[in-house]
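Geometric and topological summary
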Amino acid sequence: MTAPLRIGTRSSELALFQARLVASLLKDIGVDSELVTYTTIGDRILDKPLSAIGEKGLFTAELEADLLAGRTDCAVHSLKDLPTADPAGLFVVAMLEREDPRDAFVTRPGITATSITELPEGAKVGTSSLRRRAQLRALRPDLEVCELRGNVGTRLRKIDEGQVDAALLAAAGLRRLGLGHRIVSLLDAPEWLGAPGQGAIAVQAREHDEQMLSILRQLDHAPTRLAVSAERALLASLEGGCQVPIGAATLDEPEYGLMLHGIVASIDGATVVRGGLPIDVQDPAASGRELARQLHAAGGAGILAELREALAHKNSSTESAT
């Protein structure tokens, strides 16, 4: 290539770090690149919970549209932000080596608790994730769960200002931004599950751009792809998105080998269905689909049906009001 490879990215500090990491890896293989930055709908609407915006691809749609139109050559995303179904003409050609996929417990000054269980009764805990909200309520129904939106820096500022006593953030984002010292403790699987694909960076390209595909495939990290393929197949089979509390984690367990764990929960945390099974390394997606089937059969189908009914009712009420 003569012209620099154009990398589409959100303009948040974390997204730019991830895109610059891709640029650095490309530089290592002799490919120059430049960043093309975007502010997505998920970045612009900060006064509503993510679940209330009601769209898939809140942080990806604008990047994908320009990639399809040829205005960029690839796009870099946090994998957990990507819908499980690829848009026509695009696919994830590379997944970088995964950072820590766990959630992190962060507190404001003056809070001495080192875990969720040590927080005083009625403490305020911030999160924008229904998955975290459901697990929090299942673990500590006495806590007040508060909406906490914004990029990593904004959320940390809100914590330090005392808007909440503690919050749950992705450990990967904190570590990548040099903020690992803010982590009070980490929430370990399988007791607590992160988002499917959490901690992984995805590089998306046009499916017929052979020159670009041959370049970007060199960045793919096979162990990461194996693990997140199982997790995202679980998510896709459960029809999950930002409006459904679904968690997943892949663990290397001495007795069983590589294991996939999953959870489906009601938003109030009153009903939680868990499961786990060994991953077939030859077909990790099949393992994700099988665990989804087991979770459905164990009660997850009922939880998801109730969530869909509640969402339909909310959307109907909104349309009637307008």
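Residues numbered from 1 in each chain as written. Predicted model: local features only at pLDDT ≥ 70, side-chain atom pairs only at ≥ 80, totals over all residues. Heavy atoms only, no water.

Right, let's get into the overall build of the chain. In terms of regular secondary structure, the chain is built from 10 helices and 13 strands. Relative to its 322 residues, the chain shows a buried fraction of 51%. Considering only contacts within the chain whose residues lie at least 6 apart along the sequence, 66% involve residues at least 24 apart. For the chain, the accessible surface area stands at approximately 14500 Å², while carbon and sulfur atoms represent 50% of it. (Helix = DSSP H or I, 4+ residues; strand = E, 2+ residues; numbered from the N terminus. Buried < 20%, exposed > 50% of the residue type's maximum accessible area, 1.4 Å probe, protein only. Contact = heavy atoms within 4.5 Å. Areas by Shrake-Rupley, 256 points an atom, 1.4 Å probe, with all protein chains shown as cover.)

Okay, the sheet that holds strand β13 (residues 272–278) next. Pairing is antiparallel across the open sheet formed by 3 strands, whose spatial order is β11-β12-β13. The strands lining the two open edges of the sheet, one partner per strand, are β11 (246–253) and β13. Looking at each pair of strands side by side, their axes are set apart by 15 degrees on average, direction ignored. In this structure, β11 lies alongside strand β12 (residues 257–265), joined through 8 bridges in antiparallel fashion. When the bridges of β12 are listed, A248 appears paired with G262. (Pairing = 2+ DSSP bridges. Axes fitted to C-alpha atoms, helices over the stretch in contact; angles between N-to-C directions.)

Residues L63, E64, D66 and L67 constitute the buried set of helix α4 (residues 61–69). Down the axis of α4, the smallest arc covering the buried residues is 165 degrees, so these residues share one side. In this structure, the buried side of α4 is in contact with β1 (5–10), β2 (33–38), β3 (74–78), β4 (90–95) and β10 (201–206). At the exit of α4 stands G70, carrying a positive phi of roughly 85 degrees. (Arc of directions from axis to C-beta.)

Moving on, we come to helix α6 (residues 152–160). Along α6, the residues that are buried comprise V152, R155, L156, K158 and I159. One side of α6 carries all its buried residues, which in axial view fall inside an arc of 160 degrees. In this structure, the buried residues of α6 make contact with α1 (13–28), β5 (103–107), α5 (130–139), β8 (166–170) and α7 (171–176). For α6, the capping residue at the N-terminal end is N151, with a side-chain oxygen 3.2 Å from the backbone nitrogen of G153. Backbone geometry just after α6 places G162 at a positive phi near 90 degrees. (Polar contact = N/O pair within 3.5 Å; in protein donor to acceptor, adjacent residues only side chain to side chain.)

Let us now look at the pattern of salt bridges. Overall, the coordinates contain 20 salt bridges when judged by the stated rule. Residues joined by salt bridges that share partners form a network here, namely R6, D73, R206 and D209. (Salt bridge = Lys/Arg side-chain N within 4 Å of Asp/Glu carboxyl O.)

Ordered in space as β2-β1-β3-β10-β4, the 5 strands form an open sheet in which the pairing is mixed. Only two strands of the sheet have a single partner each, and these edge strands are β2 and β4. When the angles between neighbouring strand axes are averaged without regard to direction, this sheet yields 35 degrees. Bridge analysis of β1 against β2 gives 6 bridges, and the strand direction is parallel. Bridge pairing in β2 links L5 to S33. Contacting β1, β2, β3 and β10, α1 crosses the sheet at an angle of about 160 degrees to β1. Strands β1, β2, β3, β4 and β10 of the sheet are contacted by α4, whose axis makes an angle of about 160 degrees with β3.

This next bit is on the confidence of the model for the chain. Looking at the chain, pLDDT values average 90 and 89% of them are 70 or higher. Within the model, the stretch residues 44–55 combines pLDDT values under 50 with 27 contacts to residues more than four positions away or in other chains. Low pLDDT (under 50) marks residues 318–322, which in the prediction has 0 contacts with non-local residues, meaning those over four places away or in another chain. (pLDDT = per-residue confidence, 0-100.)

Attention now moves to the side chain of E231. Relative to the helices and strands, E231 is located in helix α9 (residues 222–237). Residue classification places E231 among the buried residues on the basis of a relative accessible area of 0%. Engagement of the side chain of E231 in a polar contact is seen with the backbone nitrogen of G197, the distance being 2.8 Å. The contact partners of E231, leaving out residues within four places of it in the chain, are R98, A195, P196, G197, A248, A249, T250 and L260.

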